[in-house]
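Each chain is listed here by its residues.
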Amino acid sequence: MSPPILVSFFLFLSLPLLFLLSPHLLSTTHFSSSPDADDLSLFRRATTTTRHLSTASNQKPKIAFLFLTNSNLSFAPLWQKFFSSDPNRHLFNIYIHADPTSAVADPGGVFHGRFIPSKKTYRSSPTLISAARRLLANALLDDPLNQYFALMSQHCIPLFSLRFVYNYLFERSPNSAASRANHRSFIEIISHESNLYERYLARGVDVMLPEVPYHHFRVGSQFFTLTRHHAKLVVKDQRLWKKFRLPSITEDPSYPEEHYFPTLLSMVDRNCCTGSTLTRVNWTGSWNGHPHLYTPEEVSPELICNLREPNSRNYLHLFARKFSPECLVPLMDIADDVIIRDNEVVLC
Ligand SMILES: *[C@@H]1O[C@H](CO)[C@@H](O)[C@H](O)[C@H]1NC(C)=O
Ligand SMILES: *[C@@H]1O[C@H](CO)[C@@H](O)[C@H](O)[C@H]1NC(C)=O
């Protein structure tokens, strides 16, 4: 065939394709970073993975630590200490989603090579939801032993030893598949907050309908610890994601990442969620949507034991945010004696 004929032949072929794709193209033109063609195939693989935990095996379940960051992991040395009691990684895995535009350095040690394919993230945008889902999907696929998925930021620190955290999550049931199904997710789910309705309207009147009526709309901290069952539910979801990924039309930030996860899980499996997070945050004196940022002068053994205090549902806090990078030095000073001390746990 001659080139002109070839060209028209291909144009002709691509016409139906264009029709098929155009609603999709139209609906995504508002995005600062386009979602998710390659994500979809990742998510599909993660939810259809046939790698199951052999119930006969004596392998211990693991915690997947998911680090979502757009800057260097300043507290890597503290986390290294936290993980060092388990040099062969029998109890945990690490996954890092780092904004590719911010040149995040590989901290080495247990973090070495644990970066997953990542995309740019923007504050108060659905890109943070995508990043968290990417972390969950990679961890689901990577190791069937991953049974809890704990999301951290670069500002998060541990409040206890790895052994303590591990026992806290898994102790309530022995290592069997049947009881593992009873594990609950630690995710904050709040149904009453002063500006909840404004945030519901952020994408426009009636836009969330019919998938998300207002009485199902929830808010909660972005930092959660999910069971494997819930991690799969989140990665599989397209119904709610279709709405939550829409851009906000209001001036005020809408923080979709604080709504998507609690709304979805409260709609599909509320009874298997504690409704509270394990990650302590201090909203006193918050500013522009940012919680209190701890400075080096505030770091002390008393602060650590204050932060550990149980939440209103009587679960301890195992992690905390938000700490400025300069806190590393005073935190390392009290790491061995206070933070990751294994034998006795200090509550104030
Ligand atoms: C991260 O750390 C490396 C050195 O370890 C440095 O070169 C780089 O500028 C840092 N990146 C940011 C975003 O601070
Ligand atoms: C929370 O932050 C406020 C300052 O905004 C501080 O005074 C208070 O001590 C902090 N609370 C805890 C438990 O750290």
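Residues numbered from 1 in each chain as written. Chains lettered and ligands numbered in written order. Predicted model: local features only at pLDDT ≥ 70, side-chain atom pairs only at ≥ 80, totals over all residues. Heavy atoms only, no water.

Outline the site of ligand 2, listing residues and values.
In the region of ligand 2, the neighbouring residues are Arg280, Asn282, Thr284, His292, Tyr294 and Leu303. One nitrogen or oxygen atom from the side chain of Asn282 is found 2.3 Å from an oxygen atom belonging to ligand 2. When ligand 2 sits alone it has 360 Å² of accessible area, and the protein chains cover 58% of it. Considering only residue class, the shell around ligand 2 consists of two nonpolar, three polar and one charged. (Near = heavy atom within 4 Å. Polar contact = N/O pair within 3.5 Å; in protein donor to acceptor, adjacent residues only side chain to side chain. Areas by Shrake-Rupley, 256 points an atom, 1.4 Å probe, with all protein chains shown as cover. Nonpolar A, V, L, I, M, F, W, Y, C, P; charged D, E, K, R; others polar.)

For the site of ligand 1, give the residues involved together with the corresponding values.
Residues in contact with ligand 1, as listed here, are Asn72, Ser102, Ala103 and Ala105. Between ligand 1 and Asn72, the relevant distance is 2.3 Å, taken from an oxygen atom to a side-chain nitrogen or oxygen of the residue. Surface burial for ligand 1 is 33%, taken as the share of its 360 Å² of free accessible area covered by protein chains. Along the lines of polarity and charge, the residues of the shell around ligand 1 split into two nonpolar, two polar and no charged.

I'd love a proper account of the pairing of strand 1 (residues 62–69), names of residues and values included.
Across the eight residues that make up strand 1, a large majority, eight, are buried. Of the two faces of strand 1, the one carrying Lys62, Ala64, Leu66 and Leu68 and the one carrying Ile63, Phe65, Phe67 and Thr69 are both buried. Relative to strand 2 (residues 92–98), strand 1 runs parallel, the two being bridged by seven bridges. Across the sheet, the residue bridging to Leu66 is Tyr95, located in strand 2. (Buried < 20%, exposed > 50% of the residue type's maximum accessible area, 1.4 Å probe, protein only. Helix = DSSP H or I, 4+ residues; strand = E, 2+ residues; numbered from the N terminus. Pairing = 2+ DSSP bridges.)

Describe helix 8 (residues 228–236), with residues and values.
Buried within helix 8 are the following residues: Arg228, His230, Ala231, Val234 and Val235. Buried residues of helix 8 fall within an arc of 160° about the axis and therefore sit on the same side. When the buried face of helix 8 is taken as reference, the exposed residues oriented beyond 90 degrees from it are His229 and Lys236. (Arc of directions from axis to C-beta.)

Kindly report on the packing of helix 8 against helix 10 (residues 260–269), identifying the contributing residues and their values.
Where helix 8 meets helix 10, the axes come as close as 11 Å, and the angle between the chain directions of the two elements is 110°. Classified by the angle their axes make, helix 8 and helix 10 are roughly perpendicular. With respect to the hand of their crossing, helix 8 and helix 10 are arranged in right-handed fashion. In this structure, helix 8 uses His229, His230, Leu233 and Val234 to contact helix 10, whose residues at the interface are Tyr260, Phe261, Leu264, Leu265, Val268 and Asp269. Split into classes, the residues belonging to the contact of helix 8 with helix 10 amount to seven nonpolar, two polar and one charged. (Axes fitted to C-alpha atoms, helices over the stretch in contact; angles between N-to-C directions. Parallel < 35°, antiparallel > 145°, perpendicular 65-115°, else oblique. Left-handed = near helix turned anticlockwise from the far one by under 90°. Contact = heavy atoms within 4.5 Å.)

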